[in-house]
Amino acid sequence: MEAGQASAPRNRLAVAGARATTEAMLRSQPRGDVIRNTVFAGLLLLAVGIALAGLLALLIQAFAKGSSALSLDLLTNPPSTAFPEKAGYRPAIIGSLQLVAGVILFVVPVGIGAAIYLEEYADNSRWWNRLVEINIQNLAAVPSIIYGILGLAFIVRGPLDLGFILAAGSLTLALLVLPMVIIASREALRAVPDSIRQGSLALGATQWQTIRTQVLPASIPGIATGVILAVSRALGETAPLLLVGATVFVTFDPTPFGTDGYSAMPVQIFNYALRPQEEFQALAAAGILVMLVVLLAMNSFAIWLRNRYEQRW
Amino acid sequence: MLQAESKRYGERAIKWLLALCALLSVLTTTAIVISLIGPTIGFFEIVPADEFFFGIDWTPQFEPPSFGVLSIVAGTLNVTLWGMLFAIPVGLGAAVYLSEYASPRVRKTVKPALEVLAGIPTVAIGFFAVSFILPEIIVPLWPEGLLGGAAGKPFLALAAGLGIGLMVVPIIASISEDAMSAVPRGLHEGAYALGATKAKVATKVIFPAALSGIVASIVLAISRAVGETMIVVLAAGSTPKFTLNPVESIQAMTSYIATTATGDISTGSVDYKSVFAVGTVLFAMTLVMNVVSIRLVRRYREVYE
């Protein structure tokens, strides 16, 4: 590592020298190359510009359309088809909070547990451990609607048979984001250098004591970042909930095991968005604004956490 | 030989408990496969396989119903095609810019912005697609009468496609940029030393060297596009059509599932089973793409890291 660092300026010097020589031999770069170079750089800038403009347009449009519906009523009133000017997101917000609480209760122990097993205990030369690894990577990319089908056939009906209750929706979302938590936690655990483990083991600690008192505390910021990102994904997910009973029109406060139905923020936004009337479109846009603010806050916190507590070993 | 004084049953119990957590992921996959297969077999007992796989009419509500899955597969491909035509150049351009051109300060603002874009819920992108991209961008810009024209249509495959394209740009950009950053400095420096311009280095050296990662990012993006639900439900409509015409209202596989399998559907009906048959096709398509992309990423990691 040190040799590499010392040689970097020397390398750059050698490159600059060789380049100067080559250009002198070729009597500057051919004109076509210079033009092509400029055009290419322009195209790249255009690409970045389009991506950023798309993001910006989305935010501005949500604000332009939704600002008229922004008020405290939006958060505290139930939805209504008869009085769109008074309609809000109250049951959806309460539903989303409960859904997310369930997701956290499930993915934190299970996700971190799986990550610890795969990083600290599993022998990677065994085929079954490699299978688990490929399987998790694949699960992370399975379409969310497939998790909805799983939830419908396995959790709502079938073996678990919970019925169309909020807890079933929560479990479905938890399974959906579990691979994200496992992958992020593994990366955080991997970043802890082996010397920490060896030092602890050499002092007589058992493997679990080493993990609990040394490895885990050192990797908590990375794990927390992964969990927050996973939770924000669960918060914004709509498709699987449609299949596991998040009914679009719930006017009462949902409970985890209530059988009268439940709603969630993105599902309610979806319902408003489907209605062509101007008032409902404004409600949808305002809901999107609320959700974007919450998600942005969560993601910024996650990024801040990562940068603030990132340990350099 | 050093040995622990006790057998340490607690340690072993913990290990097994943790292994159980990891095993849960395998159980999830197994459960997905089981829950798809059962009703799918039931579906094929009612609907002949050749009608399903080769038919181009998807009309479950008609009497007699027709279940030609190619119609909604075409809908998915239609949206994916136009989305990728947008996302591949934009995503790769952004990746090359970030890895080769951007100053550290620009990187520090552009990368988080792309992360924000990646974190936007798809229901918001779907709303944006149907209420902004369609009326404000496609309708004014689309040449009148071309392929049937865009004006006056409330849903367009192209609107959903562009929305999906916007959604997958961060995926392509970030994975491709990772792959480009993994190319050793020596290759850059060698090319610069020979007098190559920045554009030449990027296109002739970095791009080929990072190709497996770039292809992986595109394959993963296609897989995401094929599996995306909310954007197509909101912007592409629900009229199954066997066409790749971007200015048509179509139905994608995911939107059929999402609009059919809502709470009140009865378990034994053909419609219920058809959801699982379509789900199986969707799962198989994305599984193949995911495995290909995972392998490709591993390849560039093996070569350079």
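Structure's up top.
In what follows, the accompanying structure is described. Model, not experiment: these values are computed from the prediction.

### Here's the deal with the overall build of chain B
- Looking only at helices and strands, one finds 12 helices and two strands in chain B.
- Element order for chain B, N to C, with α for helix and β for strand: α-α-β-β-α-α-α-α-α-α-α-α-α-α.
- On the principal axes, the C-alpha backbone points of chain B span a range of 70 × 70 × 30 Å.
- For chain B, the proportion of its 305 residues judged to be buried stands at 51%.
- A sequence separation of at least 24 residues applies to 76% of the contacts in chain B between residues at least 6 apart.

### Observations regarding the packing of helix α2 (residues 31–66) of chain A against helix α5 (residues 122–141) of chain B
- Two numbers describe how α2 of chain A lies on α5 of chain B: the axes approach to 10 Å, and their chain directions differ by 80°. With respect to α5 of chain B, the axis of α2 of chain A lies roughly perpendicular. Contacts from Ala57, Leu58, Gln61 and Ala62 of chain A in α2 of chain A reach Ala124, Ile125, Phe128 and Phe132 of chain B in α5 of chain B.
- A breakdown of the residues in the contact of α2 of chain A with α5 of chain B according to their chemical character gives seven nonpolar, one polar and no charged.

### Examining unusual backbone geometry
- Phi is positive for Asp161 of chain A, which is not a glycine, with a value near 50°.
- Within the secondary structure, Asp161 of chain A sits in the loop between α6 (144–156) and α7 (166–190).
- Although it is not a glycine, Leu147 of chain B adopts a positive phi angle of roughly 55°.
- Along the polypeptide, Leu147 of chain B turns up in the loop between α5 and α6 (157–181).

### Comments concerning helix α5 (residues 127–139) of chain A
- Relative to the 18 Å expected for 13 residues at 1.5 Å per residue, α5 of chain A spans 18 Å between its end C-alpha atoms, a close match to the ideal helical length.
- Those residues of α5 of chain A not exposed but buried are Val132, Ile136 and Leu139 of chain A. Here the buried residues of α5 of chain A occupy an arc of 65° about the axis, which is enough to place them on one side. Relative to its buried face, α5 of chain A has exposed residues pointing more than 90 degrees away, namely Trp127 and Leu131 of chain A.
- Turning to α5 of chain A, the residues buried within the fold contact α4 (90–121) and α7 of chain A together with α1 (9–46) of chain B.

About the thresholds
Residues numbered from 1 in each chain as written. Chains lettered and ligands numbered in written order. Predicted model: local features only at pLDDT ≥ 70, side-chain atom pairs only at ≥ 80, totals over all residues. Helix = DSSP H or I, 4+ residues; strand = E, 2+ residues; numbered from the N terminus. Buried ≥ 20, exposed ≤ 12 C-beta atoms within 10 Å, placed from the backbone. Contact = placed C-beta atoms within 7 Å. Axes fitted to C-alpha atoms, helices over the stretch in contact; angles between N-to-C directions. Parallel < 35°, antiparallel > 145°, perpendicular 65-115°, else oblique. Nonpolar A, V, L, I, M, F, W, Y, C, P; charged D, E, K, R; others polar. Expected span 1.5 Å × (residues − 1). Arc of directions from axis to C-beta.

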